[in-house]
Amino acid sequence: MKKLALSFLCLVLASSLYAQSNTQESKLVLDMRSMLDATVDIQRAGFYNNKEGVKEGATRLIESLDSLLTTDPTSYLPDDKANAGKFAKKREQMLKLYAEDLIISIDEGNIEDAMDNYSRILSECTSCHSRIRAKAWQ
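Calculation criteria
- Residues numbered from 1 in each chain as written.
- Predicted model: local features only at pLDDT ≥ 70, side-chain atom pairs only at ≥ 80, totals over all residues.
- Heavy atoms only, no water.
- Helix = DSSP H or I, 4+ residues; strand = E, 2+ residues; numbered from the N terminus.
- Buried < 20%, exposed > 50% of the residue type's maximum accessible area, 1.4 Å probe, protein only.
- Contact = heavy atoms within 4.5 Å.
- Areas by Shrake-Rupley, 256 points an atom, 1.4 Å probe, with all protein chains shown as cover.
- Salt bridge = Lys/Arg side-chain N within 4 Å of Asp/Glu carboxyl O.
- Expected span 1.5 Å × (residues − 1).
- Arc of directions from axis to C-beta.
- pLDDT = per-residue confidence, 0-100.
- Patch = residues over 30% accessible without salt bridge, like charges linked within 9 Å, V, L, I, M, F, W, Y side chains within 5 Å.
- Lys, Arg positive; Asp, Glu negative; His and termini not counted.
- Charge placed at Lys NZ, Arg CZ, Asp CG, Glu CD.

Quick question: what am I supposed to make of the overall build of the chain here?
If you tally the helices and strands in the chain, you get six helices and zero strands. Listing every helix and strand of the chain by position from the N terminus yields α-α-α-α-α-α. Across the 138 residues in the chain, those meeting the buried criterion constitute 30%. Within the chain, counting contacts between residues at least 6 apart in sequence, those at least 24 apart form 66% of the total. Within the structure as shown, the chain displays about 9,300 Å² of accessible surface, and the carbon and sulfur contribution to it stands at 58%.

When you look at the pattern of salt bridges in this model, what are you seeing that I'm missing?
Between side chains of opposite charge, a pair can form as their charged atoms come close. Counted by the stated rule, this structure contains six salt bridges. A salt bridge links Asp 107 to Lys 55; the nearest nitrogen and oxygen atoms lie 2.6 Å apart. Separated by 52 residues along the polypeptide, Asp 107 in helix α4 (residues 84–107) and Lys 55 in helix α2 (residues 51–63) bring together distant segments of the chain. Accessibility expressed as a relative area gives 19% for Lys 55, which makes it buried. A salt bridge links Glu 124 to Arg 91; the nearest nitrogen and oxygen atoms lie 2.4 Å apart. Separated by 33 residues along the polypeptide, Glu 124 in helix α5 (residues 111–132) and Arg 91 in helix α4 bring together distant segments of the chain. Neither residue differs from the other here; Glu 124 and Arg 91 are each classed as buried. Within the structure, one salt-bridge network assembled from shared partners comprises Asp 41, Arg 44 and Arg 60.

Help me understand unusual backbone geometry, please; the structure alone is not making it clear to me.
Backbone phi values are negative for most residues with the exception of glycine, while trans is the configuration of most peptide bonds. Not every positive phi belongs to a glycine, and Asn 49 is a case in point at roughly 55 degrees. Mapped onto the secondary structure, Asn 49 falls in the loop between α1 (2–47) and α2. On the basis of relative accessibility, which here comes to 68%, the residue Asn 49 falls in the exposed class.

What should I look at first to understand α5 in this one?
One turn of the α-helix equals 3.6 residues, which is why residues spaced by three or four share an orientation. Over its 22 residues, α5 extends 32 Å from the first C-alpha to the last, a length consistent with the 32 Å expected when each residue adds 1.5 Å. For α5, the set of buried residues is Ala 114, Asn 117, Tyr 118, Ile 121, Glu 124, Cys 128 and Ile 132. Angularly, the buried residues of α5 cover 115 degrees about the axis, an arc narrow enough to put them on a single face. In α5, the exposed positions that point more than 90 degrees away from the buried face belong to Glu 112 and Met 115.

Is there a simple way to think about α2 in this case?
With 13 residues, α2 should reach 18 Å at 1.5 Å per residue; the first-to-last C-alpha distance of 19 Å fits that figure. Residues of α2 that are buried: Gly 53, Val 54, Lys 55, Gly 57, Ala 58 and Leu 61.

Explain the confidence of the model for the chain here, please?
Segments scoring low in pLDDT should not have their predicted coordinates read at a detailed level. Residues at a pLDDT of 70 or more form 68% of the chain, whose mean pLDDT is 80. Considering each helix and strand of the chain separately, the mean pLDDT is smallest for helix α6 (residues 134–137), with a value of 56, and largest for α2, with 96.

Hey, could you run me through a negative patch on the surface in this one?
Taken together, the side chains of Glu 100, Asp 101, Glu 108, Glu 112 and Asp 113 make up a negatively charged region of the molecular surface. Those elements that place two or more of their residues in the negative patch are α4 and α5. Relative to the helices and strands, Glu 108 is located in the loop between α4 and α5. Glu 108 sits in the exposed class, given a relative accessible area of 61%.

Here is the structure:
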């Protein structure tokens, strides 16, 4: 009876650890989708000269960046990419900087700077994905 109870307890603990890892990865996936949606919305709003739409998209992008800081990359990356977490954290900082500057550029009516910031946002996203997901690009 003790062995059965101990086995059950081990099973419960192991499943809760797996669930936590799954939850982190699920949050990251949801946040990545939110970042993509925000980026697409920034572009769409820019095409139609919708300054408020650009600012709203940039704000949503900033709000969804927390997964890059809080998710442990070793829980979902292969061993040869596990140190990419530092790279992702740097990308998060740069994405936040460019998105905040995008909002300021829109407020000041500096469209060229706003387009440059948007281009830099896309470059940060692409550089991270191409490094972390290198095999998917080949």
